[in-house]
Amino acid sequence: MRIDVVSIFPSYFDGLALSLLGKARESGILDLHVHDLRDWTSDRHRTVDDTPYGGGAGMVMKPEPWGLALDELAASSSEPTIIFPSPAGEVFRQATARDLAQREHLIIGCGRYEGIDERVFEYAATLGEVRLVSLGDYVLNGGEVAAMAMIEAVGRLIPGVVGNPESLVEESHEDGLLEYPSYTKPSAWRDRAVPEILLSGNHGAIAAWRRDQQVERTRVRRPDLLGD
Ligand code: SAM
């Protein structure tokens, strides 16, 4: 998969050289490119923002650099999916990550200030599928943290990124439930024992216990996921 990220703070993404995604990039499974939006400006100050029409607080990202960036990046594939992190978008979920992990080419445009001139989203739709995606119901200063979260959630679903694919299957949100509790050695720690069933060697009973834990945990912590 190819991912192009456009931001006025490209160094936010330096952390993606680490850990599993760093290895995926080294091995070529993930072809990630981070671009500075200011490289598509033409004035001396490399200006990317201006005052809002109609008045109001804050600045708005100008459409011209975005148009040039999208033209260039979208031209590198036939079917780009263009994602704009936005608190006014659809909420990013595991199902969104699964969907996006099937795509060949993602372009992620990180907004700043009061956001991006609305015409950019309309124009982008002439180049590929456009998705406005929110990390959650709160407002961040920019799209970079949201883009990082999306890249990590999508990236780990690309075959070969996570060493043992089975570890992806049992995770929270994969089947609409939260994950069961996990324990490791020692079996007793600070007067707290690991649940006896996990030491029993009875795989059927362990699977049933874990399932019960998933349902109970979801009922208590995230009843909205159970939909009743
Ligand atoms: N004025 C915008 C609004 O009220 O919808 C918020 C702009 S916010 C300060 C600047 C940028 O941060 C947005 O363009 C977007 O890229 C990003 N952003 C903020 N909150 C976000 C969220 N919850 N999910 C994804 N991106 C977010």
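To be clear, the structure that these remarks concern was listed above.
A brief structural summary. (Residues numbered from 1 in each chain as written. Predicted model: local features only at pLDDT ≥ 70, side-chain atom pairs only at ≥ 80, totals over all residues. Heavy atoms only, no water.)

1. Considering the pattern of salt bridges
Charged atoms that come close allow side chains of opposite charge to pair.
Stage number 1. Evaluated as defined, the whole model comprises 16 salt bridges.
Stage number 2. A salt bridge links Arg 131 to Glu 90, with the shortest nitrogen-to-oxygen separation between them at 2.6 Å. Of this pair, Arg 131 sits in strand 7 (residues 129–134) while Glu 90 sits in strand 5 (residues 81–91), placing them 41 residues apart in sequence.
Stage number 3. Relative accessible area serves as the criterion here: at 12%, Arg 131 is assigned to the buried category.
Stage number 4. Among the residues examined, Glu 90 registers a relative accessible area of 33% and is labelled partly exposed. (Salt bridge = Lys/Arg side-chain N within 4 Å of Asp/Glu carboxyl O. Helix = DSSP H or I, 4+ residues; strand = E, 2+ residues; numbered from the N terminus. Buried < 20%, exposed > 50% of the residue type's maximum accessible area, 1.4 Å probe, protein only.)

2. Points about the site of the ligand
Stage number 1. Around the ligand sit 19 residues in total, of which Pro 85, Leu 135, Gly 136, Tyr 138 and Leu 140 are the nearest.
Stage number 2. One nitrogen or oxygen atom from the main chain of Ser 86 is found 3.2 Å from a nitrogen atom belonging to the ligand.
Stage number 3. Leu 135 places a polar main-chain atom, nitrogen or oxygen, 2.9 Å from a nitrogen atom of the ligand.
Stage number 4. Coverage of the ligand by the protein amounts to 81% of the 590 Å² it exposes when considered alone.
Stage number 5. Broken down by secondary-structure element, the contributors of at least two residues to the shell around the ligand are strand 5 and strand 7. (Near = heavy atom within 4 Å. Polar contact = N/O pair within 3.5 Å; in protein donor to acceptor, adjacent residues only side chain to side chain. Areas by Shrake-Rupley, 256 points an atom, 1.4 Å probe, with all protein chains shown as cover.)

3. Some remarks on unusual backbone geometry
Stage number 1. Following Lys 185, the chain continues to Pro 186 via a peptide bond in cis, the omega torsion being 5°.
Stage number 2. Here Pro 186 lies in the loop between helix 6 (166–169) and strand 8 (188–189).
Stage number 3. Of note in the backbone geometry, Arg 46 takes a positive phi value of approximately 50° without being a glycine.
Stage number 4. Relative to the elements of secondary structure, Arg 46 occurs in the loop between strand 2 (31–36) and strand 3 (49–50).
Stage number 5. When its relative accessible area of 33% is taken as the criterion, Arg 46 is described as partly exposed.
Stage number 6. For Tyr 113, which is not glycine, the phi torsion reads 55° and is therefore positive.
Stage number 7. Residue placement: Tyr 113 occurs in the loop between strand 6 (105–109) and helix 4 (119–124).
Stage number 8. Under the relative-accessibility criterion, Tyr 113 is labelled partly exposed at 36%.

4. Some words on helix 1 (residues 19–27)
Stage number 1. Where helix 1 is concerned, the buried positions are Leu 21, Gly 22 and Ala 24. Summarising the axial view, the buried residues of helix 1 lie within an arc of 160°, below the 170-degree limit, and thus occupy one face. Seen from the open side of helix 1, the exposed residues pointing more than 90 degrees away from its buried face are Ser 19, Lys 23, Glu 26 and Ser 27.
Stage number 2. Of the surrounding elements, those touching the buried residues of helix 1 are helix 5 (144–155). (Arc of directions from axis to C-beta. Contact = heavy atoms within 4.5 Å.)

5. As for the nonpolar core
Stage number 1. Core analysis: the biggest nonpolar cluster contains 29 residues, and Ile 3, Val 5, Phe 92, Ile 151 and Val 154 have the highest contact counts within it.
Stage number 2. Going through the elements one at a time, strand 1 (2–7), helix 1, helix 3 (94–100), strand 6 and helix 5 are the ones with two or more residues in this core.
Stage number 3. Leu 73, Ile 82, Ile 116 and Phe 121 belong to the second largest nonpolar core, which has 18 residues in total. (Core = buried A, V, L, I, M, F, W, Y, C linked by side-chain atoms within 4.5 Å.)

6. Let's talk about the packing of aromatic side chains
Stage number 1. With the rule as written, the count across this model stands at three aromatic pairs.
Stage number 2. Taken together, the aromatic side chains of Trp 66, Phe 84 and Phe 121 make up a single cluster linked through ring pairs. (Phe/Tyr/Trp six-rings, centres within 6.5 Å; stacked < 30°, edge-to-face > 60°.)

7. Things to note about the side chain of Thr 218
Stage number 1. Assignment of secondary structure puts Thr 218 in helix 7 (residues 203–221).
Stage number 2. Assessed through its relative accessible area of 0%, Thr 218 is described here as buried.
Stage number 3. Not counting the four nearest positions on each side in its chain, Thr 218 is found in contact with Gly 176, Leu 177, Leu 178, Pro 223, Leu 225 and Leu 226.

8. Considerations on the pairing of strand 6
Stage number 1. Burial analysis of strand 6 places five of its five residues in the buried class, which makes it a mostly covered element.
Stage number 2. Side chains of strand 6 alternate between two faces, with His 105, Ile 107 and Gly 109 and Leu 106 and Ile 108 buried alike.
Stage number 3. Two strands pair when backbone bridges link them, and strand 1 and strand 6 are joined in this way by five bridges, in the parallel orientation. What sits directly across from Ile 3, in strand 6, is Leu 106.
Stage number 4. Two strands pair when backbone bridges link them, and strand 5 and strand 6 are joined in this way by three bridges, in the parallel orientation. (Pairing = 2+ DSSP bridges.)

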